[in-house]
Amino acid sequence: MRFNWLPLAIVASAQVLLVFNIATLKISIEGIIDAFETGSGMVKTAIVMYSLMVAASILASTRLVLIFGARRIFRSSLALFGIAMALMAWTPHASVLVVAQMTAGGAAAVLMPASVRLIAGHYPEEQRALALGRLSATRSLSLAPAFLIAGAIATWNNWRITFVLLLFMAGTVYFCSLYLRNDPGLISATKLTGNEMLGLVAVALAVLLIGLSVDNVTNWGMVRARPGAPFSLLTLSPALLGMLSGVVLIKLVLVWMVRRHVGGCLRVMRLLNTPMQRSMLLSIFTIAAVSSGVTFLIPLYIEIVQGRSSLATAYALVPFTTASFVGALFVSRYSTASAMRNVTRHAFLAVGTGLVLLGAIVRNDWSDASVVLSLAAIGLGEGALATLLFRALAAVVPIDVSEDVEPFCSATSHFAAAVGAAIAGALVIGILSLNVNRHLANDPAIGTELRAHLDLSRVAFISNDQLQQVLEQLPLTPEHIANAVRINTDARLFALKLSFFGLAALTFIGFLPVARSR
């Protein structure tokens, strides 16, 4: 039977839009900071909220696709994504940026399962695996071009132009989707039960609690509440309370599901009760968090520390993104359990070693061959692990939850991406603040002057030019300004180095369950 490319091309185009959105956000850190006169924390929060919305909504969205039909949900998600891109393109304030990415995350959450079901409905069984494989490959292949194209537009024109283009592309795919086969949905057979809906809301709330708490660790404090925290209980930080509440809530949902025999799209949560499957999910979470942290820190380093363009950032990410695709492609030929375990161990070691090497050698010259090789090692391991861990988990899950494994893994990966970006941001800001204050303690004269005019308990990750502009508006001597800029330069680089080491430590924690497996 001849392969019909049109449905796959339409569905794959929608997936490319999602890749371009988040790539543009990461590659345009400096432009967004300049446009809204804000810090890098706002961009990090937008990235975190996008991923959290996907993670919190994707399990429920699989059921919505069944109830209302894949094409209807697919087109609705494209319309919602278009609204988000319009907000991104014309937003007058940084807070609207976060709202836009939350909207885009909600659209992505329903678009992903709708895409998979549309592929299943348009291709016979003998062509379905090929079509799904090509859909997955499209997402991987589009990552490097997304960074390069978005970087070029942000460098030569304005970062908002990319979001305008994404809006028009979303409209084009929306009208092309009229050619897709319509399915009526199964409203009578697939209604959400009250228990299932309650469970989905509880899981979504737990994901948001944990993600938002990790994102605000720097502002609210890790254990003790900082002065800027919205509240404190027995002087404990809301961030700590939020993380603990989220973990406890997930545990309560698991216990409640067993007692009430809750099924539906929540039945896949049972994977968390089995040690082997739980360890696989932990590894999936770890590698997705590390990957998100790396792709957040690299643009931060190049655009803020080095003051280079978005296109330079895109070039720097090419070794990582290309190696990630090669790694996924390379491991596809391994099928035996023993071979997959061995490759998984080596892939984890490649990621961890690459991060340690990157933290040790990174300097202002990003073109250094050792830096490129480090990024390639990280990307190669990440691409291999993302493929192998999913295949290993899919091979051992019970038959009755096999269809829900892919959305559950996707929810885990997006949750990890949010936590990874939040951890990377918290590390780099926290270490920067400690290092700046340590430097100022060694030079009391400068420290006294700066503390009189600036809140040094909330040090921002900004460029030297931005810092100099702020300091020139204060009654400081040129010598004090020059010394403050020097301190900022040294402290930023040190913070980034330690952040890479922190991500390496997280990688080796995720490696432990794999190392013990037989």
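It should be noted that the structure appears before, not after, this text.
What comes next is a walk through the structure. (Residues numbered from 1 in each chain as written. Predicted model: local features only at pLDDT ≥ 70, side-chain atom pairs only at ≥ 80, totals over all residues. Heavy atoms only, no water.)

1. A short note on helix H11 (residues 238–260)
Then, number 1: Between the first and last C-alpha of H11 there are 31 Å, a value that for 23 residues agrees with the 33 Å anticipated at 1.5 Å per step.
Then, number 2: The elements touched by buried residues of H11 are helix H9 (194–215) and helix H10 (217–220).
Then, number 3: The distance from a side-chain oxygen at the start of H11 to the backbone nitrogen of Ala239 is 3.1 Å, and the residue carrying that oxygen is Ser237.
Then, number 4: His261 sits one or two positions beyond H11 and adopts a positive phi of about 55°. (Helix = DSSP H or I, 4+ residues; strand = E, 2+ residues; numbered from the N terminus. Expected span 1.5 Å × (residues − 1). Contact = heavy atoms within 4.5 Å. Polar contact = N/O pair within 3.5 Å; in protein donor to acceptor, adjacent residues only side chain to side chain.)

2. Looking at the pattern of salt bridges
Then, number 1: This structure, assessed with the given rule, holds one salt bridge.
Then, number 2: Salt-bridge contacts for Asp215 lead to Lys44; the nearest nitrogen and oxygen are separated by 3.2 Å. Within this pair, whereas Asp215 is found in helix H9, its partner Lys44 is found in helix H3 (residues 40–68), the two being separated by 171 residues in sequence. Both residues of the pair, Asp215 and Lys44, count as buried. (Salt bridge = Lys/Arg side-chain N within 4 Å of Asp/Glu carboxyl O. Buried < 20%, exposed > 50% of the residue type's maximum accessible area, 1.4 Å probe, protein only.)

3. A closer look at the environment of Val54
Then, number 1: Looking at where Val54 falls in the secondary structure, it is placed in helix H3.
Then, number 2: A relative accessible area of 0% means that Val54 is categorised as buried.
Then, number 3: Distance from Val54 to Met112, taken between C-alpha atoms, is 9.5 Å for residues 58 residues apart in sequence.
Then, number 4: Filtering out sequence-adjacent residues up to four positions away, Val54 remains in contact with Gly105, Ala108, Ala109, Met112 and His414.

4. Remarks on the nonpolar core
Then, number 1: Membership of the largest hydrophobic core comes to 151 residues, with the highest contact counts inside it found for Phe74, Leu297 and Leu355.
Then, number 2: When residues in this core are grouped by element, the largest group, 15 residues, is from helix H16 (residues 405–442).
Then, number 3: Sequence-distant contacts of Phe74, that is, excluding residues within four places in its chain, are made with Ile10, Val11, Ala14, Leu111, Ala114, Ser115, Leu118, Val173, Ser177 and Leu180.
Then, number 4: Counting six residues, the second-largest nonpolar core is a separate cluster that includes Leu467, Leu476, Ala484 and Val485. (Core = buried A, V, L, I, M, F, W, Y, C linked by side-chain atoms within 4.5 Å.)

5. Thoughts on the packing of H3 against H9
Then, number 1: The interhelical angle for the contact between H3 and H9, taken along N-to-C directions, is 165°, at an axis separation of 10 Å. It follows from the interaxial angle that H3 and H9 lie roughly antiparallel. For the pair H3 and H9, the sense of crossing is right-handed. Contacts between H3 and H9 involve Lys44, Thr45, Val48, Met49, Leu52, Ala55, Ala56, Leu59, Ala60 and Arg63 from the former and Glu196, Leu200, Ala204, Val207, Leu208, Gly211, Leu212 and Asp215 from the latter. (Axes fitted to C-alpha atoms, helices over the stretch in contact; angles between N-to-C directions. Parallel < 35°, antiparallel > 145°, perpendicular 65-115°, else oblique. Left-handed = near helix turned anticlockwise from the far one by under 90°.)

6. Quick word on a nonpolar patch on the surface
Then, number 1: There is a patch of nonpolar side chains on the surface, built from Leu6, Phe175, Leu178 and Tyr179 and spanning about 490 Å² of accessible area.
Then, number 2: With respect to the helices and strands, Tyr179 occurs in the loop between helix H8 (159–176) and H9. (Patch = residues over 30% accessible without salt bridge, like charges linked within 9 Å, V, L, I, M, F, W, Y side chains within 5 Å. Areas by Shrake-Rupley, 256 points an atom, 1.4 Å probe, with all protein chains shown as cover.)

7. Section: H3
Then, number 1: Between its first and last C-alpha atoms H3 spans 40 Å; for 29 residues at 1.5 Å apiece the expected length is 42 Å, and the two agree.
Then, number 2: Counting buried positions along H3 yields 21 of 29 residues, so the element is predominantly enclosed.
Then, number 3: Positioned one or two residues after H3, Gly69 has a phi angle of 100°, which is positive.

8. Description of the packing of aromatic side chains
Then, number 1: Going through the model one piece at a time under the given rule, you end up with four aromatic pairs.
Then, number 2: Taking the centre distance of 6.1 Å and the plane angle of 85° together, the rings of Trp159 and Phe163 count as edge-to-face. Residue Trp159 and its partner Phe163 are located together in helix H8, separated by four residues, close to a single helical turn.
Then, number 3: Overall, Trp159 belongs to the buried group, its relative accessible area being 4%.
Then, number 4: Ring centres 5.5 Å apart and planes at 85° place the aromatic pair Tyr174 and Phe175 in the edge-to-face group.
Then, number 5: With relative accessibility at 26%, the residue Tyr174 sits in the partly exposed group.
Then, number 6: Judged by its relative accessible area of 53%, Phe175 falls in the exposed class.
Then, number 7: Three or more aromatic residues joined by ring pairs make a cluster, and in this case those are Phe36, Trp159 and Phe163.
Then, number 8: The ring of Tyr174 carries the charged tip of Arg75 above its face, separated from the ring centre by 4.0 Å. (Phe/Tyr/Trp six-rings, centres within 6.5 Å; stacked < 30°, edge-to-face > 60°. Lys NZ or Arg CZ within 6 Å of the ring centre and 35° of its normal.)

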